[in-house]
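# Architecture at a glance
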Amino acid sequence: MFEVLHKDLMGRIGRLETPHGVVETPTIMPVVNPNLVLIRPDELERFGAEIIITNAYIIHKKEELREKALEGGVHELLGWKKPLMTDSGSYQLYEYGDVEVSNREIVEFQLGIGSDVIVPLDIPTPPDAQRERAESDLAETLRRLEEAKRISRGREGGGGEVRGARPLLAGPIQGSTFLDLRERCAAAVSEMGFDVYPIGGLVPLLEDYRYRELVEIIIAVKQRLPADAPVHLFGVGHPIFFSLAVALGCDLFDSAAYALYAKDDRYLTSDGTYFLEDLHYLPCSCPVCSKYDVRYLKECDREERARLLAEHNLYVTFAEIRAVKQAIRENRLWELLERRCRAHPLLLSGLKKVLEHAELLEKYDVSTKRSFFYLGETSARRPEVLKYAKKLDRFEVSGNTLVAALDTTLEDACKALKLDLQAFDHVFLVKPPFGPYPLELQETYPIGQSEVPTPMDYEGLTTALENVLKLLEMSKGAEFVFVCGEPWKEHPLIQKIKRRAKCIFV
Ligand code: GUN
Ligand code: ZN
């Protein structure tokens, strides 16, 4: 039901098949609240929506909506013909502590109204919960997931009928901020086997900019899920986080933010949120921002303002999804990520957390890319750099070996230093952040395709010198001459290199 078409890092462009058609992922599902519609579902397509999400609990609770949905289906109720996911009321459970429906009832109801993706009544445990509570919530969530599976697979008779083709069944993963519980839950849920794997209980972390913990949770869960399983981040709808989440292998998002923020006079951008009152200009060229100016938005009546802001918010949200997909196709997702994560220091912390798991990303990442742009110290440890360091093991040499980190050509440097190139059995050049490379590799990825700044920053030099040192230390049978100029000379690793190589500074 899910097919991966293109990959970059752990991210992918995929096709998700549902009874009402195919969805291209990554994508975001706008939340439609049947009680309070700001933008009608039939208009959402214009912004780029391929699938929407609504709340089965809200429909179930209101007799008029419930009867209509059971009679004509949820698609007819909302006026939307394409794929549609329903949530179960778990979020209301989280917000209000209780809901007036059982897991069985809401699962059967979702089957009865013809939803394309149904969600059991999982229990979102808040971050930083007591461990006992997280464990008992989790046990109950797993019990409900089992029950939902039995009901939806028709192995258990029950009141409800299924409208249309069998929907996809989502298996939400909980566990609060306990990574071992998240892992255990992900393992148990994938063992049971679901069609979509949402990660739940994240909204409070997102609201508090706790991106490091979000990254840790996503990575813990992803490692226990099948690689080709679609992953949804429940309640994640801010475009600032898409590139990071997609890079970690998330495929589906949902957003009430476009509407909730609009009602609150908040204006989304891919690098943060503005209060309308703080805007002097509209930094966007969507149809809303092209047609109106900031004064008009501030002065028009409340209802029109909410509508226009919601439209703008949707435009930028889908534009960011397209930017992420384009980056995947070009294998430049890391570079998009590096730029987006400069929008807030805590996002940068999230990116640094990802770098702690560069080994994992490297396993998934494609082996060659068209380009590599070094964009700052977080580029010094990107997965490709790690992969390159591993490749160094193949370069063990013996005999007279020149390793040169130069600003000029090799020939010019040798002439200036009166070095006879012919006297060397092996010659390596050094390109930061990668380190030494044999001349034959100068056209290959990543050496040939990398664009790096001059002067290189400290982190880039450090990685390169670590790799020089690695070559020196593994090549026991070689005599080394290391040539380097500014700004390499002052680097503390030079002291270690001096112990193993004759150093010439130019
Ligand atoms: N919406 C936001 N968070 C959650 C969650 O954890 N579970 C469900 N079912 N819906 C959500
Ligand atoms: Zn706009």
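## Regarding the overall build of the protein chain
- Secondary structure assignment for the protein chain yields 22 helices and 20 strands.
- C-alpha extents for the protein chain along the principal axes are approximately 90 × 55 × 40 Å.
- Intrachain contacts of the protein chain at a sequence separation of at least 6 include 69% that bridge at least 24 residues.
- Entry remark: accessible area of the protein chain is about 21800 Å², with carbon and sulfur atoms responsible for 47%.
- When the 65 basic and 79 acidic side-chain charges of the protein chain are each reduced to a single mean position, those positions are 3 Å apart.

## Focus on the site of ligand 1
- In the neighbourhood of ligand 1, the contacting residues comprise Asp87, Ser88, Ser90, Tyr91, Val119, Asp122, Pro124, Gln174, Gly200, Gly201, Val203 and Phe234.
- Within the contact set of ligand 1, a nitrogen atom lies 2.7 Å away from a side-chain nitrogen or oxygen of Asp122.
- One of the side-chain nitrogen or oxygen atoms of Gln174 is found 2.9 Å away from an oxygen atom of ligand 1.
- Bound to the protein, ligand 1 loses 96% of the 280 Å² it would expose on its own.
- Of the residues contributing to the shell around ligand 1, the split by class is five nonpolar, five polar and two charged.

## Focus on the coordination of the zinc ion (ligand 2)
- Only Cys284 (SG), Cys286 (SG), Cys289 (SG) and His312 (ND1) from the protein coordinate the zinc ion (ligand 2), and they sit 2.1 to 2.3 Å from it.
- Every donor counted, the four donor atoms about the zinc ion (ligand 2) form angles of 100 to 116° at the centre, which fits tetrahedral coordination.
- When the donor residues of the zinc ion (ligand 2) are listed from N- to C-terminus, their spacing reads C-x1-C-x2-C-x22-H. In this pair, Cys284 is assigned in the loop between strand S13 (272-275) and helix H13 (287-291) and His312 in helix H15 (residues 302-330), connecting sequence segments 28 residues apart.
- For Cys284, a relative accessible area of 21% puts it in the partly exposed group.

## Brief notes about the sheet that holds strand S2 (residues 11-18)
- Across the sheet, three strands lie side by side as S1-S2-S3; this open sheet has antiparallel pairing. Two strands in the sheet have a free side with no partner beyond their single neighbour: strand S1 (2-8) and strand S3 (21-25). Shown here is a sheet whose adjacent strand axes are inclined to one another by a mean of 15°, direction ignored.

Cut-offs applied
- Residues numbered from 1 in each chain as written.
- Chains lettered and ligands numbered in written order.
- Predicted model: local features only at pLDDT ≥ 70, side-chain atom pairs only at ≥ 80, totals over all residues.
- Heavy atoms only, no water.
- Helix = DSSP H or I, 4+ residues; strand = E, 2+ residues; numbered from the N terminus.
- Contact = heavy atoms within 4.5 Å.
- Areas by Shrake-Rupley, 256 points an atom, 1.4 Å probe, with all protein chains shown as cover.
- Lys, Arg positive; Asp, Glu negative; His and termini not counted.
- Charge placed at Lys NZ, Arg CZ, Asp CG, Glu CD.
- Near = heavy atom within 4 Å.
- Polar contact = N/O pair within 3.5 Å; in protein donor to acceptor, adjacent residues only side chain to side chain.
- Nonpolar A, V, L, I, M, F, W, Y, C, P; charged D, E, K, R; others polar.
- Donors = N, O, S within 2.8 Å, 3.2 Å for Na, K, Ca; no water.
- Tetrahedral: all angles 85-135°; square planar, octahedral: opposite > 155°, others 65-115°.
- Buried < 20%, exposed > 50% of the residue type's maximum accessible area, 1.4 Å probe, protein only.
- Pairing = 2+ DSSP bridges.
- Axes fitted to C-alpha atoms, helices over the stretch in contact; angles between N-to-C directions.

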